[in-house]
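Residue-level structure breakdown
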Amino acid sequence: MTALTSEQERIEHCQQQYRLTYHVPYAFTCDRMVGFAGKDVLEVGGSLCKDFVMSELQPNSWTGMEAPDYAEEVGDANPDGTGVQGQTLAALSTSERGFAALQLEPGSYSTFYANIEDLPDAHRGTYDLVFSIACFEHILRFPEALAAMHAALKPGGQLWTMFSPIWSAFDGHHLPAVTDAEGRTFDKKNSPIPPFGHLLMSPGQMYDYLMQHTDRQAAAEMVYYIYNSPHLNRYFTEDYATFVQRSAFEVVRIEGTFPVQLAPDGQRKLQTACRGHTQFANNGLLMLLSKAG
């Protein structure tokens, strides 16, 4: 095969070969910043496919885990598997819950359904890197999860994550696919919800607004997913920063990702509606944290 001449070509090649999308550039960003080669990696909130992980990232071992409740909800909403693109866990039964035996032998690849905050003693102090993409916005017990990820690492180990959109982003409602009586399907990328509408409208106001665009049942279902479903923790940028700063981790880097331009009037409206918060332009966050050696 002809050598790939740029990282973009490599990204596109891997996306096509392994049937992945955002997973590839995110993983390559982590690889540039901290590296995977030769490390024992714990992936929180997913399980990138084995061929991609072992061929392209070359860790010593890879352990992938997904929260069972989230996996079930995503699976129910996406019976064809599109909601768990690139993941190995889609093929497993959700009856197989809990942490598996630790596997850190060279070339080991294991996956399981479990909540990171339930980390057993056997997995503590064993990983060089905790890697997580598009997950932290879904973790409900976030301080406990951070504590468990810190415990999972060896001294000197690192946590790297990119996740978006978060609740404070313009599309932070994370609406999954909802189909109304006329067969119209609405989701995060195709809905009548205006930018920041989930922050500027109350649930009742959102329901009235959606009723102008769809039927009662679909509007009610969308309101449930936006404001009540446990698939989203609904934390703002400042909340994540506080949780991390109060954790046992040392902060190496925290920065906003995928920013949008906000007009001054829009910023004022958001700050009025969401008192105590000012950071709305960033769609998500990149974090690099470390455990003291």
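So, how was this worked out
Residues numbered from 1 in each chain as written. Predicted model: local features only at pLDDT ≥ 70, side-chain atom pairs only at ≥ 80, totals over all residues. Heavy atoms only, no water. Core = buried A, V, L, I, M, F, W, Y, C linked by side-chain atoms within 4.5 Å. Buried < 20%, exposed > 50% of the residue type's maximum accessible area, 1.4 Å probe, protein only. Helix = DSSP H or I, 4+ residues; strand = E, 2+ residues; numbered from the N terminus. Contact = heavy atoms within 4.5 Å. Axes fitted to C-alpha atoms, helices over the stretch in contact; angles between N-to-C directions. Left-handed = near helix turned anticlockwise from the far one by under 90°. Nonpolar A, V, L, I, M, F, W, Y, C, P; charged D, E, K, R; others polar. 1 Å grid on protein atoms, 1.4 Å probe; cavity = no way out; pocket = protein on both sides within 12 Å on 5 of 7 lines; lining within 4 Å. Points joined across faces, edges and corners; volume = space filled by probe spheres on them. Pairing = 2+ DSSP bridges.

**As for the nonpolar core**
- Grouped together as the largest cluster of nonpolar side chains are 31 residues, with contacts concentrated most on Ile 116 and Met 149.
- The dominant element in this core, judged by the number of residues it contributes, is helix H5 (residues 142-152), at seven residues.
- Setting aside chain neighbours within four positions, we find Met 149 in contact with Val 44, Ile 116, Val 130, Phe 136, Ile 139, Leu 159 and Phe 249.

**Things to note about the packing of helix H7 (residues 203-211) against helix H8 (residues 216-227)**
- Relative orientation of the contacting elements H7 and H8 amounts to 145°, with a least axis distance of 9 Å. The way H7 lies across H8 gives a crossing that is right-handed. Residues Pro 203, Met 206, Tyr 207, Leu 210 and Met 211 of H7 form the contact with H8, whose own contacting residues are Arg 216, Ala 219, Ala 220, Met 222, Val 223, Ile 226 and Tyr 227.
- Class assignment for the residues of the contact of H7 with H8 results in 11 nonpolar, no polar and one charged.

**Digging into the layout of surface pockets**
- Put simply, the second largest pocket is a space of about 360 Å³.
- Lining the second largest pocket are 19 residues; nearest its centre among them are Ala 67, Tyr 70, Asn 115, His 138 and Leu 140.
- The class makeup of the residues in the lining of the second largest pocket is 11 nonpolar, three polar and five charged.

**Side note on the environment of Leu 175**
- Inspection of the secondary structure puts Leu 175 in the loop between strand S5 (153-163) and strand S6 (178-179).
- Given the relative accessible area of 2%, Leu 175 is considered buried.
- The spatial distance from the C-alpha of Leu 175 to the C-alpha of Leu 232 is 9.9 Å, given a sequence separation of 57 residues.
- For Leu 175, the residues in contact, after removing those within four places along its chain, are Phe 186, Asp 187, Lys 188, Ser 191, Ile 193, Met 222, Tyr 225 and Ile 226.

**Examining the sheet that holds strand S9 (residues 284-290)**
- Spatially, S3-S2-S1-S4-S5-S9-S8 is the arrangement adopted by the seven strands of the open sheet, whose pairing is mixed. In this open sheet, the two strands that pair with only one neighbour each are strand S3 (108-113) and strand S8 (250-257). Ignoring which end each strand starts from, the neighbouring axes of this sheet average 15° apart.
- When strand S1 (residues 40-44) meets strand S2 (residues 61-66), the two strands line up parallel, connected through five bridges. The residue of S2 that forms the bridge with Asp 40 is Ser 61.
- Relative to S9, helix H9 (residues 237-245) is tilted by about 5°, and along the sheet it contacts S5, S8 and S9.

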